[in-house]
Amino acid sequence: FTLLRDPVDRIVSLYYYRQMDNAEIHNMTLIEFGKTYGDNWHVRMLCDEMSAPITVHHLNVAKEILRRKFLIGLLEEKTETLRRI
């Protein structure tokens, strides 16, 4: 079982969190931060691809892994997700 967060919400939250203790990030816009740090690490971890650029193929492989091996809920709908399990 896993709860997934909306990727845009996740990167915005990370941006504000990392600004607190990182001067370099503090001076970046959200767009700059997203281009620099917004890589989809969920896809990287599921596909075991930590360095090469992520492609649509990687995304499709990650989706298939999730479909076959996980019961997935959405963090934004946590109450409903927990009710279903």
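That block above? That's the structure.
Residues numbered from 1 in each chain as written. Predicted model: local features only at pLDDT ≥ 70, side-chain atom pairs only at ≥ 80, totals over all residues. Heavy atoms only, no water.

Engineer: Please clarify how the nonpolar core should be interpreted in this entry.
Structural biologist: One recurring pattern in soluble globular proteins is that nonpolar side chains are buried together. Judged by nonpolar contacts, Ile11, Tyr15, Ile25, Met28 and Phe33 together constitute the single largest core of 5 residues. Contact partners of Tyr15, with chain neighbours within four places excluded, come to Ile25, Met28, Thr29, Leu30 and Phe33. (Core = buried A, V, L, I, M, F, W, Y, C linked by side-chain atoms within 4.5 Å. Buried < 20%, exposed > 50% of the residue type's maximum accessible area, 1.4 Å probe, protein only. Contact = heavy atoms within 4.5 Å.)

Engineer: Hey, could you run me through the packing of helix 1 (residues 7-19) against helix 3 (residues 30-37) in this one?
Structural biologist: Between two packed helices, the angle of one axis relative to the other and the distance separating the axes together describe the packing. It is at 10 Å that the axes of helix 1 and helix 3 come closest, and there the two elements cross at 105°. Relative to helix 3, helix 1 is oriented roughly perpendicular. Where helix 1 abuts helix 3, its residues Ile11, Val12, Leu14, Tyr15 and Arg18 lie against Leu30, Phe33, Gly34 and Tyr37. When the residues that make up the contact of helix 1 with helix 3 are grouped by side-chain class, the tally is 7 nonpolar, 1 polar and 1 charged. (Axes fitted to C-alpha atoms, helices over the stretch in contact; angles between N-to-C directions. Helix = DSSP H or I, 4+ residues; strand = E, 2+ residues; numbered from the N terminus. Parallel < 35°, antiparallel > 145°, perpendicular 65-115°, else oblique. Nonpolar A, V, L, I, M, F, W, Y, C, P; charged D, E, K, R; others polar.)

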